[in-house]
Every structure is written in structure tokens, then in C-alpha cells.
Amino acid sequence: MSAVSAGEIRVGLAGAVVVALAACLPLVDQGFYLSISVNIVLYAALCTAWTLFSGPTHYVSLATAAFFGVGTYSVALWIDQLPFPALVAGGALAGAALAGVVGVATLRLSGVYFVIFTLGLAELVRQIVTWAQAKFTTRVGLYVFTDFTEKHIYWMLLALAVAVFLAGWLINRSRLGFAMRIIGNDETVARHVGIDTARAKILLFMVSGAFIAIAGAISAPRYGYIQPPSAFNPMISFLVVIMALLGGTSRLWGPLVGVVPFVIAMDLISARFPNHMPIVMGLAFLAIVYLLPHGVTGRLEQVWTRLRNRRALAVGAERTA
Amino acid sequence: MTHIVVTGILLSGTYALIALGLTLQYGVARIMNLANGETLVAGCFVAFWLYTAFAINPIAGLLVIAPAAFAFNWAIYVVALRPLVRRARNRGQLEVDSILATFGLLFLLQGLMLLGFGGEYFSYAFLAERFVIFGSGYGLNRVVAFAAAVVIAAGLYLFLYRTRQGTAVRAVAADPNSASLVAIDVSRTAALAFALGGALTACGGALLSTFYTFNASMGVIFTMKALIIVIMGGVGDVRGAVLAALALGIAETAVASLIDPGLTLAATYGLFILVLLFRPQGIFGRQTA
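In this text, all values refer to a predicted model and were calculated from it rather than measured experimentally.

Novice: For this particular structure, what's the right way to read the overall build of chain A?
Specialist: The helix and strand tally for chain A stands at 15 helices and two strands. For chain A, whose C-alpha radius of gyration is 21 Å, the value lies close to the compact-globule estimate of 20 Å for 321 residues. Along the first, second and third principal axes, the C-alpha set of chain A runs to 85 × 50 × 45 Å. Taking all 321 residues of chain A together, the buried fraction comes to 44%. Long-range contacts, defined as pairs at least 24 residues apart, comprise 80% of the intrachain contacts of chain A with a sequence gap of at least 6.

Novice: Before we go on, may I ask you to explain the domain arrangement of chain A in this structure?
Specialist: Many authors give the size of an interface as the accessible area that is lost as the parts come together. When its domains are assigned, chain A resolves into domain 1 (56-232) and domain 2 (249-321). Computed over C-alpha atoms only, the centres of domain 1 of chain A and domain 2 of chain A are separated by 27 Å.

Novice: Before we go on, may I ask you to explain the interface of chain B and chain A in this structure?
Specialist: On the chain A side, the residues contacting the 33 residues of chain B number 30 residues. Every element with two or more residues in the side of chain B that touches chain A is listed here: helix 4 (91-117), helix 9 (219-233) and helix 11 (264-278) of chain B. If you tally residues by element for the side of chain B that touches chain A, the top one is helix 4 of chain B, at 18 residues.

Novice: I'm lost on the nonpolar core in this one. Help?
Specialist: Burial of nonpolar side chains together is a common tendency in soluble globular proteins. Core analysis: the largest hydrophobic core is formed by 197 residues, its most contacted members being A45, L157, A215 and I242 of chain A together with A19 and I229 of chain B. In terms of residue count, helix 10 (residues 197-223) of chain A provides more of this core than any other element does, 16 residues in total. When residues are assigned to domains, this core turns out to be shared by domain 1 (56-232) and domain 2 (249-321) of chain A, each giving three or more. The residues touching I242 of chain A, leaving out its near neighbours within four places in the chain, are F262, M281, A284, F285 and I288 of chain A.

Novice: Which parts of the structure should I look at to understand the environment of M224 of chain B?
Specialist: Summarising the element assignment, M224 of chain B is placed in helix 9. Those residues in contact with M224 of chain B that sit more than four places away from it in its chain are L119 and G120 of chain A.

Novice: Honestly, the environment of I212 of chain A in this entry has me stumped. Any pointers?
Specialist: All names here are of chain A. Take I212: it is sitting in helix 10. When the 37 C-beta atoms within 10 Å are taken as the criterion, I212 is described as buried. Along the sequence, I212 and L109 sit 103 residues apart, while their C-alpha atoms lie 24 Å from each other. Discounting chain neighbours no more than four positions away, the residues touching I212 are L46, A49, T64, F67, F68 and G95.

Novice: Help me out: how do you make sense of unusual backbone geometry in this one?
Specialist: Trans is the common state for peptide bonds, and a negative phi is the common state for residues other than glycine. For H58 of chain A, which is not a glycine, the phi torsion comes out positive at approximately 65°. The partly exposed category is assigned to H58 of chain A, around which 14 C-beta atoms lie within 10 Å. Its identity as a non-glycine residue notwithstanding, R30 of chain B has a phi of 60°, on the positive side. Along the polypeptide, R30 of chain B turns up in the loop between helix 1 (2-27) and helix 2 (36-54).

Novice: What am I meant to see in helix 3 (residues 32-57) of chain A here?
Specialist: In an α-helix there are 3.6 residues to a turn, and that puts residues three or four apart on one side. Residue and element names in this part refer to chain A. The terminal C-alpha atoms of helix 3 lie 37 Å apart, and with 26 residues this matches the ideal 38 Å at 1.5 Å per residue to within 8%. The largest bend in helix 3 comes to about 40°, at T51. Most of helix 3 is tucked away: 20 of the 26 residues are buried. Immediately downstream of helix 3, the backbone of H58 shows phi near 65°, a positive value.

Novice: Just checking my understanding: could you explain helix 9 of chain B for this structure?
Specialist: Between its terminal C-alpha atoms helix 9 of chain B stretches 21 Å, which fits the 21 Å expected from 15 residues at 1.5 Å a residue. Residue G234 of chain B follows helix 9 of chain B closely and has a positive phi angle near 95°.

Novice: For this particular structure, what's the right way to read the packing of helix 10 (residues 238-258) of chain B against helix 11 of chain B?
Specialist: Two measures define how a pair of helices packs: the angle their axes make with one another and the distance between the axes. Residues and elements named next belong to chain B. Two elements in contact, helix 10 and helix 11, have axes separated by 8 Å at closest approach and are oriented at 135°. Looking at the two axes, helix 10 sits oblique to helix 11. Considering the relative orientation of helix 10 and helix 11, their crossing is right-handed. Of the residues in helix 11, those in contact with A247, L248, A251, E252, V255 and A256 of helix 10 are T264, A266, A267, T268 and L271.

What counts and how
Residues numbered from 1 in each chain as written. Chains lettered and ligands numbered in written order. Predicted model: local features only at pLDDT ≥ 70, side-chain atom pairs only at ≥ 80, totals over all residues. Helix = DSSP H or I, 4+ residues; strand = E, 2+ residues; numbered from the N terminus. Rg over C-alpha atoms; globule rule 2.2 N^0.38 Å. Buried ≥ 20, exposed ≤ 12 C-beta atoms within 10 Å, placed from the backbone. Contact = placed C-beta atoms within 7 Å. Domains from an automatic or database assignment. Core = buried A, V, L, I, M, F, W, Y, C linked by C-beta atoms within 7 Å. Expected span 1.5 Å × (residues − 1). Bend = angle between axes of the 7 residues up to and from the residue. Axes fitted to C-alpha atoms, helices over the stretch in contact; angles between N-to-C directions. Parallel < 35°, antiparallel > 145°, perpendicular 65-115°, else oblique. Left-handed = near helix turned anticlockwise from the far one by under 90°.

If you want it as C-alpha cells, here you go:
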């Protein structure tokens, strides 16, 4: 671990100011702006947690909805028996455990197996939960009654987003983060310098899955009534992939650049053209692949380095002249 | 017991066609086509439309559906996917790019079909008669669909193993770099394989629609099943895909009739996990990655 640099302290302070300002929002507005901000903070946490794993490894994970639903159900099943914080912690453990199982089954093999496995994972867990509920209980839906209002959920999700960012920063500074960067650049090299690549990937996937499950657990009181199709909605997985890739996954704050505009755009589109949502998502995927393969932040960085090179060239030309 | 096995085998005929389509696209053209299920659903809708609007028998409808799907998938490959193949620096890059691009196609096609047909379920009555095998009755439409699938799969086998073009396709599947050394136009062969895969999948969809209730958003589930069959059979392996389709059809039918019809995907995943843990290179595993 190296010492914290002055630049990092500056970024940290700026981030703290932004978070403090964001936390004041419920004092100003309790209606539309709060509700859309809950979505923004939720997806910021989800996309950043997704990027923790999928950014360095380039593995497209579609398991988000499965982890999210596992978190939601951890709260919904025992909300009458246990305190909320304990259920959130339980949800995190359940998410990590599910990620561990998926990781052990697929992450020792090539990336394609992982994508395929995660593609159907939410649907698989949904089928099992539906079947188990029908077999062992009499009710299909679950009610979650708490004293939380929208603003409490907003604050909890904001705290979660901050926690994900801090975790990402700490991982980047750790041996695990260093190992992941090498694996991302060249897995064969990583294996030859003695990194247990499967173990590193599984660990990171578990961290990512735990955070996503916590987001699901916190969101449970917001829904109030929980059914398998809404808790394990596969759309969540795809939206997270789109937003994170739109922003760019090479920086920790990259996904945030995609989340804010996309959540606002999605809100407008689903209000005015509810039937056009799949088409918009399809076009978003195609736009990312063909126009922004490294996301908005990647494109900005490209432009920035090109400008700097040009300036350096111009300065060099002046000197020789 | 025989009832489960026979129902499973009848179901596996269409699964095999869909999986053969996907294995051609992934094994030869190197495109993991996650929009494959949408081609299937499009096949269902065209067969439905031909049958209800023009009273054209779905089996005869294949003569329209297969060439249309071939042309459509050829166009998709040339317009959307070939640029990605050219751009990719390595196989991993192409894999990620093609996965994301075909996700885009998946949602685009699904969105268009949802706009056109809505989210309702469709079905039509074609040969809904009783047909007796080993003393118990099955839908005649299922038997006919299975027979048609067998004929199409046999045709594909003859094409791949008895013609020059088919040999070229298999050569590209084995190694694109070496194939180009023996004067095979790899880019054109990849387009051919991709288009042929799309045609097979659409035929599978048309046959499926004769006995199955379908809707515009069910494509992903079938893509999922086809992917698992392809992995089980070994990527690009025709015999493996057929055998894996049989296993999946029987396993699904067994779980649906013995435990719960809502758990078919769990059965699929059970098989998938076993394959990943014990034979990730496929049933007839050729190479180790």
C-alpha cells in the first residue's frame, strides 16, 4: 500500500462535497426529483459494483438481477422476524455466496461460459423461488412494511454508493487490484507470474455480488409488495450493462457518467413511449459497440491525449524553428 | 416412462435445429449470436401469418421462411458484424463486441416484434390430432415437426460432409487462418455459415410454432437453451449438438412431468453445471482450450 497522494486527497474532498450536497436533496424536494434521484443513486451503486468486476476482467456479467433479487428476498422473507440491518447483512452474504457458486462453476473457464451462465441466472433463481414459495408456503407475494420513506431509502442507497466507491478505491490499491489489472491485460502473463487467476476473479465477483445484493435489500421496502417477476427483473441486468459501458469502465467514476443521463432519458422515454423501451435499449447497445467502444470517458480521454500530443508537437515545432 | 422419453425426443428435434443454427454461427463465423432466439420467434410469426392469412401449410412455408431468413442473416452479418470481425485485434475482443452487438439486435428485433404483435401469446391449430406411438397418444403436429427437423438436419449433415462448400465451412470452423492458406474465402464462408445458421433457426421456429404457444419476448429463453446445447455438444460439433439436444429435451420433459413444469430452466442449468464441471470441452470434446 502506497501513501495517499495529494491528488487523491483533492478528489476525495471534492467527492465528499458532492455527496454532502446530494444528501441535502430530500430537504429541498420530496417529489419527482427525489424519486428520480433514488433511481440515479441506485443505478450508480449497481453500475459501479458491476464495474468492480467486469471493468478489469472484461467479462460481461448479466447476473445483476439475480443478486438484486436475492437481496430483495432476504429482506422480504424475514422482515417480520429480524431487524432490517441484520437482513441487509444476510442479503450481502447470500449475494456473495451465489456469486461464489457461479464463479467456481464458470470463472475457471473462458469468458463465454460465464456470460451464458449469467444470462439465465436471474430466470433460474426466479423459477426456484417461485417453485419453493408455491410448495412450502401458501402465498406468492410478500409484503414489506417498514417505517422507511423514500428519503431514508435515498440516504441508504447514497451511503451504499459511497461504500462501493471506497471499496473500489481500496481494491485498486491492494494486491488483488494489482492482480486484476494484470489479468485484464493478459491472463496468460498473469498466470505465469504466479497469480491464482481463478481465485482472484471469484473473490472480486463475490465482492461485486454482495454490493448488488445490498442494493436489492435496501430497495425492498421501496417496492412494498414483492413478487418473483419484479424482484428478478432481467431488465436490471441489461440496463446496468448499458449504463456502465456507456460511461466507460476503465475508471472508477466512469459508470457514473453513463448513469445520470441514461436514468433521466429512461424516465422520459418510459413515461411517453412505454412500448419503445426495448428498441431504445437495442439502439443503446449498438451505439456503444459501434460509436463508443470505450464509453464516454474513454472517448474524452482519447480526445484529451490527442489535444495534448498536438500541443506538445506545436511546442516542439516552435523550439526547432 | 416411455411417454416422457418419447415426448422429450419429439421436443428435441426442434431444439436440435435451433442449436445447429447457433453452433454454425458461433463455431464457424465466430459470432456468439445472442439474437438467435429472435430469429426463431420471427420464424414462428411468419409461419403463423402464412398459415392464418394464406392457409399455407407450415411445412411448405419453410420453403419461404428458410430463404428469407438466410438473406436476412446474410445482411446482418455483412452490415453489422463483419466490421466487428475486421476491427477485433483478438478473439476475446471479438467475443465481447459480438455479444454486445447481438444484445443490441436482440432488443431491437424484440422491440419491433412487440410493437407489431404486442405481448400476447399466439398459437394456431395445425394437425392437432392424436398419433399413437408405443400405445400412448401424441400430437400429430409434434411428430410431423420432429420428422421435418430430422430431414433438415440430415440435409445439413450431407451438405457439411459431402460437398466442397460444406468442407470449406468445416475447414473454417477448425482454423480460419489455415483455411485461408488453402484458397478458402474465409470472410465469405463465415457469412454463408452465419446465414445458414439463421435459416436453420428460423426453420426450427416455424416447426415449433405448430405445437407451441409463442410470444414476441420468449426469444431469450430459447437462445439460452440453444447456447447450453451448443456448449454441451462442443462448439461447432454437429453430432454433439444433436446428442445434447436429445439429452436436454428428455431432461426437460422429465422435470416438467415429474416435478414441476415451472422448473424446466432449472433442469437445463443442472445439465449445464454438470457439463461445465466435468466436460467443458463438450461431449465429444475435440480440443482443450
